[in-house]
Amino acid sequence: MAAIPAHQFRTPLFDAMVNLAEAKKVSFHTPGHKSGKGISTRFRKFVGSKIFAIDLTTLDEVDCLQKPVGVIKEAQELAAEAHGADRSFFLVNGTTVGNHAMILSTVLPGDEVLVARNAHKSILAGIILSGAIPRFFLPRFDADLGIAVNVSAEAAEAAMQAHPRARVVTVTSPNYYGIAADTRAIAAAARREGKILLVDEAHGPHLHFHPALPTSAVDAGADLTVQSTHKIVGGMTQASMLHLKDGWVDGARVAAILQMLQSTSPSYILMASLDLARMQMATEGRKLLAKAIELAEEARARINRIAGLRCLDAAQVEAWGDFRLDVTKLTISVKGIGLTGYAASGLLNTEFGIQVEMADLFNVLVIVSIGDRRDDLDRLVTGLEGLARRSATTRTGQPADIPAVPPVQEARLACSPREAYFARHALVPLSQAAGRVSADIITIYPPGIPILVPGEEVSQTAVEYLQFLGGRGARIDGVLDPALPSNGAAGVAASEPQVRVLAA
Ligand SMILES: Cc1ncc(COP(=O)(O)O)c(C=O)c1O
């Protein structure tokens, strides 16, 4: 194992913030709470006072995210080195803003972009903002678990060859369930086909730091990679990073786009958490992750011994093709105990005090991280045992079949997502939307994979798919809630979700 460079123990941004706070200068600048003196007493009582002393603004001592020249620049350089990138950018609006920035800095209006359809809606939002034309390629789906596995390198390469004009290809890897695509092979194919590879690695900020985990996208050769440091390692919520590998993407353009998209008042607390999370991963990530992997693997084995439950493992993922599993994710199928994932998640919460990351029709998803202890996993396993016992008597009725494949392969683009999103529109009940052109991104959330994107003709199968999952507890994003006043009838609640479609 290579020695840890001494400078990776440094935390230049956090140190500068602490020094400034301790200097106790008198502040006549934002934020208005003035180091917490003006903050609500209730807030201070709960969180203590120190956090407010480092809730700073752009000052010489702590640098400026929009144009870093001092400690933020240094912190970003350390992050780039730690992740094996040539340049890294701190993000304060999550991977969401990173995905917008990746697209906006690599395409022009009208350019074709290849998009693996299991994309997060923020990729689609980037496409709407940019005016690009998406060309989708499909992930493999598994009917038994009811999930999108991920895209194969073969499918990605075939899409690249089918669309020689596309300049850019985007993939999401690992996906929410921790299933990684073969980004190394996809990066090699992108090079051969002369395309830029963008990877949404929201769920993989830890991959680079342990050899038992799938290869990180930066190591695989992606040109731009976004990671939610806050999702899996020590960043605070909203703190993410965008990494660049030199060669095909103009770093100055990425910086300029980020200046346009990010706040001019970024949270220093979030940025400090990125500085510290990088230091932690670079200096002790391997040890911390080894523990998380061990706890997750132990829990997986115990869960697989509970009658009726099944926890996805690496062997099954590898049997699907060129995919790898981040074993810290536990995808637990509750099909065998007669519950939907949504119902199981609710019961785990209310009856066992266990909050999972996500539920879908057949599964609940548990994230095991460097923050977990053996006791936490014991509680999870005990809760799942209780759930299995309980549902042996009270099965809430779980559908035998799910339309295994979301109806995305049927979708046809009538116009660009940008044109559709900003076109004159009408609201129609979901049941009457077939045949119209969607003006919104419609997703089942989580995991937020678009079933319809703006500009796509709504198929009857898509309507039925949304009705089917909506009726079983899934949250449909991008439709108007039936509890809200419906189109043109102020104050009158609609009886079913309303969909924004292009005006006739
Ligand atoms: C695959 C994927 N990409 C992007 C995002 C958005 O990330 P963030 O919440 O950091 O903005 C998510 C969030 O769940 C995600 O699952």
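Starting from 1, residues in each chain are numbered consecutively following that chain's sequence as written. This being a predicted model, a pLDDT of at least 70 is required before a residue's local features are given, and a value of 80 or more before pairs of side-chain atoms are given or counted; all residues contribute to the totals for chains, interfaces and linings. Only heavy atoms go into the side-chain values, all of them from the structure, while hydrogens and water stay out.

1. Brief notes about the overall build of the protein
Secondary structure elements follow DSSP: runs of H or I of four or more residues count as helices, runs of E of two or more count as strands, with numbering from the N terminus. Regarding its fold elements, the protein presents 17 helices and 22 strands. Radius of gyration here is computed from C-alpha atoms only, and the compact-globule reference equals 2.2 Å multiplied by the residue count raised to the power 0.38. Taking 504 residues into account, the globule formula puts the C-alpha radius of gyration at 23 Å, and the protein, at 23 Å, falls close to it. Along the longest, intermediate and shortest principal axes, the C-alpha atoms of the protein span 65 × 55 × 55 Å. Relative accessibility under 20% of the residue-type maximum defines a buried residue, over 50% an exposed one, and the middle range a partly exposed one, all with a 1.4 Å probe and only protein chains included. A buried classification covers 55% of the 504 residues belonging to the protein. Within the protein, counting contacts between residues at least 6 apart in sequence, those at least 24 apart form 72% of the total. For accessible areas, the Shrake-Rupley method is used with a probe of radius 1.4 Å. Any residue's cover is judged against the shown protein chains and nothing else. Taken as a whole, the protein presents about 20,900 Å² of accessible surface, with 53% of it coming from carbon and sulfur. Only four residue types enter the charge count: Lys and Arg as positive, Asp and Glu as negative, with His and the chain ends excluded. Every charge is mapped onto a representative atom, which is NZ of Lys, CZ of Arg, CG of Asp or CD of Glu. Of the side chains in the protein, 49 bear a positive and 51 a negative charge, and the two mean positions are spaced by 4 Å. Working rule for contacts: check all heavy atoms of both residues, and any pair within 4.5 Å makes them a contact.

2. What about a nonpolar patch on the surface?
Patch members must show over 30% relative accessible area and no salt bridge, and they are joined within 9 Å when carrying like charges or within 5 Å when they are nonpolar side chains of Val, Leu, Ile, Met, Phe, Trp or Tyr. By convention in these notes, a salt bridge is any Lys or Arg side-chain nitrogen within 4 Å of a carboxyl oxygen on Asp or Glu. A surface patch of nonpolar side chains, amounting to about 410 Å² of accessible area, comprises F43, F46, V47 and I51. Tracing the sequence through the fold places I51 in helix 3 (residues 50-53). In this structure I51 comes out as partly exposed when scored by relative accessible area, which is 31%.

3. A short note on the packing of helix 1 (residues 12-23) against helix 12 (residues 268-303)
A fitted line through C-alpha atoms serves as each axis, taken over the contacting stretch for helices, and the angle formed by two N-to-C directions is quoted from 0 to 180°. Running from N to C, helix 1 and helix 12 cross one another at 130°; their axes reach a closest spacing of 7 Å. Considering the angle they form, helix 1 stands oblique to helix 12. Side by side, helix 1 and helix 12 meet where P12, L13, F14 and M17 of the first sit next to Y268, I269, M271, A272, D275, L276 and R278 of the second. Just so you know the grouping, Ala, Val, Leu, Ile, Met, Phe, Trp, Tyr, Cys and Pro go in nonpolar, Asp, Glu, Lys and Arg go in charged, and all remaining residues, Gly too, go in polar. Taken together, the residues of the contact of helix 1 with helix 12 sort by class into nine nonpolar, no polar and two charged. Each angle receives one of four descriptions, namely roughly parallel if under 35 degrees, roughly antiparallel if over 145, roughly perpendicular if within 65 to 115, and oblique otherwise.

4. Comments concerning the sheet that holds strand 9 (residues 224-227)
Note: two strands are recorded as paired if DSSP finds a minimum of 2 bridges between them. The seven strands are arranged 1-10-9-8-6-2-3 in an open sheet whose pairing can be described as mixed. The strands lining the two open edges of the sheet, one partner per strand, are strand 1 (87-91) and strand 3 (133-137). Between one strand axis and the next, the sheet turns by 20° as a mean value, whatever way the strands run. Pairing of strand 2 (residues 112-116) with strand 6 (residues 168-172), which is carried by three bridges, proceeds in the parallel orientation. Note that in strand 6 the partner of V115 across the bridge is T170.

5. Describing the sheet that holds strand 13 (residues 329-333)
Read across the sheet, four strands follow the order 11-13-15-14 without closing on themselves; strand pairing throughout is antiparallel. Only two strands of the sheet have a single neighbouring strand rather than two, namely strand 11 (310-311) and strand 14 (358-359). Bridge count for strand 14 against strand 15 (residues 363-367) is two bridges, and the pairing is antiparallel. Paired with A359 across the bridge in strand 15 is V364. Relative to strand 13, helix 12 is tilted by about 10°, and along the sheet it contacts strand 11 and strand 13. Helix 14 (residues 341-352) rests against strand 14 and strand 15 of the sheet, and its axis sits at about 50° to strand 15.

6. A closer look at the site of the ligand
Here a residue is considered near a molecule or strand provided that any single heavy atom belonging to it is located within 4 Å of it. For the ligand, the set of nearby residues contains 14 residues, the closest of which are T95, T96, D200, H203 and H230. Any pair of nitrogen or oxygen atoms within 3.5 Å is treated as a polar contact; in protein, a donor-acceptor pairing is required on top of that, and neighbouring residues in sequence qualify only through side-chain atoms on both sides. Between T95 and the ligand, the recorded distance is 2.8 Å, taken from a backbone N or O atom to an oxygen atom. Between the ligand and H230 there is a distance of 2.7 Å, counted from an oxygen atom to a side-chain nitrogen or oxygen. When the free accessible area of the ligand is taken as 390 Å², the share hidden by the protein chains comes to 89%. At the level of secondary structure, the elements contributing two or more residues to the shell around the ligand comprise helix 5 (94-104) and helix 10 (229-232). If you tally residues by element for the shell around the ligand, the top one is helix 5, at four residues. In terms of residue class, the shell around the ligand is made up of one nonpolar, eleven polar and two charged.

7. Examining the nonpolar core
One recurring pattern in soluble globular proteins is that nonpolar side chains are buried together. We call a set of buried residues a nonpolar core when its members are Ala, Val, Leu, Ile, Met, Phe, Trp, Tyr or Cys and they connect through side-chain atoms within 4.5 Å of each other. Ranked by size, the top nonpolar core spans 49 residues in total, and within it I303, L330, I332, L384 and I444 carry the most contacts. In terms of nonpolar packing, the next biggest core, distinct from the first, is built from 30 residues, V113, I127, L244 and I257 among them.

8. Notes on unusual backbone geometry
P31 follows T30 through a cis peptide bond whose omega is -5°. Omega for the bond connecting S173 with P174 falls within 30 degrees of zero, at -5°, which places this linkage in the cis form. Looking at where P174 falls in the secondary structure, it is placed in the loop between strand 6 and strand 7 (179-180). One non-glycine residue, D63, lies in the positive phi region at around 70°. Assignment of secondary structure puts D63 in the loop between helix 3 and helix 4 (71-83).

9. Observations concerning helix 14
For helix 14, with twelve residues, the first-to-last C-alpha span of 15 Å sits near the 16 Å given by 1.5 Å per residue. Of all the positions in helix 14, only G341, Y342, A344, L347 and L348 are classed as buried. Positive backbone phi, at 65°, marks G353, one or two positions downstream of helix 14. To estimate the expected span of a helix, count its residues, drop one, and scale the result by 1.5 Å.

10. Details of the pairing of strand 5 (residues 147-150)
With three bridges joining them, strand 4 (residues 140-142) and strand 5 adopt antiparallel strand pairing. The residue of strand 5 that forms the bridge with F141 is A148. Count of turn residues in the strand 4/strand 5 antiparallel hairpin: four residues, of which G146 carries a positive phi of about 70°.

11. Observations regarding the pattern of salt bridges
Counted under the stated rule, the structure contains 23 salt bridges. Between D144 and R310 there is a salt bridge, and its shortest N-O distance comes to 2.6 Å. Within this pair, whereas D144 is found in the loop between strand 4 and strand 5, its partner R310 is found in strand 11, the two being separated by 166 residues in sequence. Judged by relative accessible area, which is 31%, R310 ranks as partly exposed. The closest approach of N and O atoms between D477 and R475, which form a salt bridge, is 3.0 Å.

12. Describing the packing of aromatic side chains
Pairs were defined over the aromatic rings of Phe, Tyr and Trp, the Trp ring being its six-membered one, requiring ring centres within 6.5 Å. Orientation was assigned from the angle between planes: stacked under 30 degrees, edge-to-face over 60, tilted for the rest. Applying the stated criterion across every chain, the model contains two aromatic pairs. Look at F43 and F52: their rings are 5.1 Å apart centre to centre, the planes differ by 80°, and that puts the pair in the edge-to-face class. Owing to a relative accessible area of 5%, F52 belongs among the buried residues under this scheme. With 5.2 Å between their ring centres and 80° between their planes, Y421 and F422 make a pair best called edge-to-face. Positioned above the aromatic ring of F136 is the side chain of R117, whose terminal nitrogen or guanidinium carbon lies 4.3 Å from the ring centre. Over a ring means this: the NZ of a Lys or the CZ of an Arg is within 6 Å of the ring centre and within 35 degrees of the ring normal.

13. Quick look at the environment of T264
Mapped onto the secondary structure, T264 falls in the loop between helix 11 (251-261) and helix 12. Relative accessible area serves as the criterion here: at 59%, T264 is assigned to the exposed category. As a C-alpha pair, T264 and I123 span 141 residues in sequence and 23 Å in three-dimensional space. Here T264 is in contact with T58 and Q66, once residues within four sequence places are set aside.

Purely spatial values, then, with no claim about function.
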